[in-house]
Every structure is written in C-alpha cells, then in structure tokens.
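This is what each chain is made of:
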Amino acid sequence: MRIFVTGATGFIGMPTVKELIAAGHEVLGLARSDEGAQSLATIGAEVQRGTLEDLDSLQKGAAASDAVIHLAFIHDWSNFLASCETDRRAIEAIGSALAGSNKPFLATGGLAGLAPPGQVATEKDVIPSDFPFPRVSEQTTLALISQDIRASVVRLPQVHDRAKQGLITPLIETFRQNGTCAYVGDGSNLWPAAHVLDVARLYRLAIEKGATGTAWHAVAEEGVAMRDIVETLGRRLDLPVRSILPDEAPTFFGRFAMFAGFDMRASSELTRQVLGWEPTGPGLIADLVQLEIAD
C-alpha cells in the first residue's frame, strides 16, 4: 500500500515508517521542516510538506494514498486543550478526504482513565460519551466509520526506549526542578508500557489488517508500578524519593498531576490473538536503568 503517515518524523513515527518500508509499503510522510523532510527522504519515504494545522496538506496526503496512519500530536502541555482541538480538526480533515473510499484509517488514542482503578482495560472497552478527558482522537476517528472509512485506533501506553518514555520524560524535568522524585500514596498504581519498536510493528500489522471499529492495545507490559518507576529514576538522577499525599500532587506535579496517580493497567490479549503481535523489546524498567540522561 501507499500509506500517508502524520507524525512521520516523530519518536514513534520514524520507527513506524521504517517498519512499513521494510515490509514493502510505500510511505508518504508529513514533514513540517527541511530537516524532517530530509530525514524521511534518507530512509526512502516520499514527503508531504505541512503541519497539523494545514488541513489542505492533510487532505492532499490522504487523498493520494491507499491508507492513513495518524500519529501526529502537538505535545504542548501548556496549551493542551488547543492541541486536542487541533488534533480533532486534523482527523476530521483526513476523514473528509477519505469519505466514501473504504480506505483504512488508523489513528492514535490513549489508555488513561479507560477503566476504573483496579480494573484492567481491554480492547472491548468503549469510551463513554461523558468521558472527561479533552483529547477525543478515538471518538472522532471511529465516528468516521459512517462515512465508509475503515477507521480503527491504536491505544498507546508509555512508549519507551533508552532515550524517551512517554509521560515519564517530562516527569524527569519535574523531578529535577523539585529536587526530589515522588509518587502518590504507596505508588502501587500501574502504568502499561511497550518498547517503541514493538509499537511500530503493531501499527504496521494494524494498518495491514484494515479492520473497522477496532481499538488495538499496544501493551507489552500490563502495568508497571509507579513506585518502581520513580525509585528507578531516583537512582538514575541521584535524587531522593518520597511519597506524597493526593492533595499534594497538583503542587508537585503541576499539569501532570492528573496522570501521576492514575491506575492505567491494560491488556492486549485480543490484539495479540488477532494480529499475531508478540512484543520482544526490553521492559520499561530495563530501559530506565540504562536511561540516556542529558545534563
């Protein structure tokens, strides 16, 4: 297939593009800079210049392809609501170009808050209409099914390698600013995780499957205890580690307070059965132990 990939130059995007090309697909990757365009060209991808705000560019890329993988998201946590709205508009723009085509459209969602604390989220869980989280990537994407689009979603956990780890990466800066590492309560809440190369392979398998209405779980580890994550970071950063009370979280964690105490455990049993996906990469703690820490 010829696959249009947004976020093609990103942390997950570049490994996904390489995975797709290695499997024999052609890739048209969205790039907003000359540097990004060159990096895509170097690995054998075609380039569509544009940004998430450039809806015309998104529509052209989607219309010129057999399938679309939407990985891009503006990770500006100081303007998170605006980033969520930009994402919604981008998905709708891609959908308008794919309407009536029966082409596969694979977008990206998350696992936070999907299941109540103590329960395991599965692929069959549906986001309720009153879900309070402002990012509506999954809901917007699956609504496109009515327009004859084979829309599906990959729900991401903490995606990691030795250089980057989802929400944990910005937490490192928070810990440095506070001079201490902290978890909420006893730190027993769990965060699911998967290595970035395993996630890239899942995106390839999912777009090849071309399923409609499915939420795939890119989960290699069902849940890693927050206390284990924070204690590992404390050793790597040479900072003390302590527990904080839930009402202290907003002051300590700032904009990440809502995530710090989340229990986000999730299963990928259905994803593995249907797609034959078997993660082989190192675990989250193993990567944190060998974390590349900038000065």
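Each remark here, short or long, concerns the structure printed above.
Reading the values: the criteria
Residues numbered from 1 in each chain as written. Predicted model: local features only at pLDDT ≥ 70, side-chain atom pairs only at ≥ 80, totals over all residues. Heavy atoms only, no water. Helix = DSSP H or I, 4+ residues; strand = E, 2+ residues; numbered from the N terminus. Buried < 20%, exposed > 50% of the residue type's maximum accessible area, 1.4 Å probe, protein only. Contact = heavy atoms within 4.5 Å. Areas by Shrake-Rupley, 256 points an atom, 1.4 Å probe, with all protein chains shown as cover. Pairing = 2+ DSSP bridges. Axes fitted to C-alpha atoms, helices over the stretch in contact; angles between N-to-C directions. Phe/Tyr/Trp six-rings, centres within 6.5 Å; stacked < 30°, edge-to-face > 60°. Parallel < 35°, antiparallel > 145°, perpendicular 65-115°, else oblique. Left-handed = near helix turned anticlockwise from the far one by under 90°. Nonpolar A, V, L, I, M, F, W, Y, C, P; charged D, E, K, R; others polar.

## Points about the overall build of the protein
Next up, step 1: Within the protein, the regular secondary structure consists of 12 helices and 12 strands.
Next up, step 2: Counting across all 295 residues of the protein, residues that qualify as buried make up 51%.
Next up, step 3: The long-range fraction of contacts in the protein, counting pairs at least 24 apart against all pairs at least 6 apart in sequence, stands at 78%.
Next up, step 4: Put simply, the protein shows about 12700 Å² of open surface, and 49% of that area lies on carbon and sulfur atoms.

## Structural notes on the sheet that holds strand β7 (residues 158-160)
Next up, step 1: With respect to topology, 3 strands assemble into an open sheet ordered β7-β9-β11, the strand pairing being mixed. Both edges of this open sheet fall to β7 and β11 (221-225), since each of them pairs with a single strand only. Pairs of neighbouring strands in the sheet enclose a mean axial angle of 45 degrees, with direction left out of account.
Next up, step 2: Pairing of β7 with strand β9 (residues 190-195), which is carried by 3 bridges, proceeds in the parallel orientation. The residue of β9 that forms the bridge with glutamine 158 is alanine 193.
Next up, step 3: Across the sheet, helix α7 (residues 196-209) touches β7 and β9, and the angle it forms with β9 is around 75 degrees.
Next up, step 4: Seen against the sheet, helix α8 (residues 226-237) touches β9 and β11 and runs at an angle of roughly 60 degrees to β11.

## Quick notes on the side chain of threonine 86
Next up, step 1: Looking at the secondary structure, you find threonine 86 in helix α4 (residues 80-98).
Next up, step 2: Sequence-distant contacts of threonine 86, that is, excluding residues within four places in its chain, are made with Leu52, Glu53 and Ile74.

## Here we look at the sheet that holds strand β3 (residues 46-49)
Next up, step 1: On the basis of which strands lie adjacent, the open sheet formed by 7 strands has the order β3-β2-β1-β4-β5-β6-β10 and parallel pairing. Strands with a single pairing partner mark the edges of an open sheet, and in this sheet they are β3 and β10 (215-217). Strand-to-strand twist in this sheet, taken as the mean axis angle between neighbours without regard to direction, amounts to 25 degrees.
Next up, step 2: Of the strand pairs in this sheet, strand β5 (residues 104-110) and strand β6 (residues 150-156) are connected by 7 bridges, and their pairing is parallel. When the bridges of β6 are listed, glycine 110 appears paired with leucine 156.
Next up, step 3: Running over the sheet, helix α3 (residues 55-63) touches β1 (2-6), β2 (26-31), β3 and β4 (67-70) and is turned about 155 degrees from β1.

## Side note on the packing of aromatic side chains
Next up, step 1: Taken as a whole, this structure holds 7 aromatic pairs when the rule is applied.
Next up, step 2: Consider the rings of phenylalanine 175 and phenylalanine 253, whose centres lie 6.4 Å apart with planes at 65 degrees: the pair is edge-to-face. Taken together, the positions of phenylalanine 175 in helix α6 (residues 168-178) and phenylalanine 253 in helix α9 (residues 249-253) put the pair 78 residues apart, joining distant regions of the chain.
Next up, step 3: For phenylalanine 175, a relative accessible area of 0% translates into the label buried.
Next up, step 4: Taken together, a centroid distance of 6.2 Å and an interplanar angle of 85 degrees make the contact between phenylalanine 259 and phenylalanine 262 edge-to-face.

## Section: the environment of glycine 95
Next up, step 1: By the element assignment, glycine 95 lies in helix α4.
Next up, step 2: Spatially, the C-alpha atoms of glycine 95 and alanine 82 are 20 Å apart, while their sequence positions differ by 13 residues.
Next up, step 3: With sequence-adjacent residues up to four places away left out, glycine 95 is seen in contact with Leu144, Gln147 and Ile149.

## A closer look at the environment of phenylalanine 131
Next up, step 1: Following the sequence through the fold, phenylalanine 131 ends up in the loop between β5 and α5 (137-142).
Next up, step 2: When its relative accessible area of 18% is taken as the criterion, phenylalanine 131 is described as buried.
Next up, step 3: Distance in space between the C-alpha atoms of phenylalanine 131 and methionine 226 is 24 Å, their sequence separation being 95 residues.

## Some details on the packing of helix α1 (residues 13-22) against α7
Next up, step 1: Put simply, α1 and α7 touch, their axes get as near as 8 Å, and they point 50 degrees apart. Between α1 and α7, the crossing angle belongs to the class labelled oblique. Two packed elements cross with a definite hand, and for α1 against α7 that hand is right-handed. Here Pro15, Thr16, Glu19 and Leu20 of α1 come into contact with α7, specifically with Val196, Leu197, Ala200, Arg201, Tyr203, Arg204 and Ile207.
Next up, step 2: Looking at side-chain class alone, the contact of α1 with α7 contains 7 nonpolar, 1 polar and 3 charged residues.

Function cannot be inferred from these measures alone, as they are strictly geometric.
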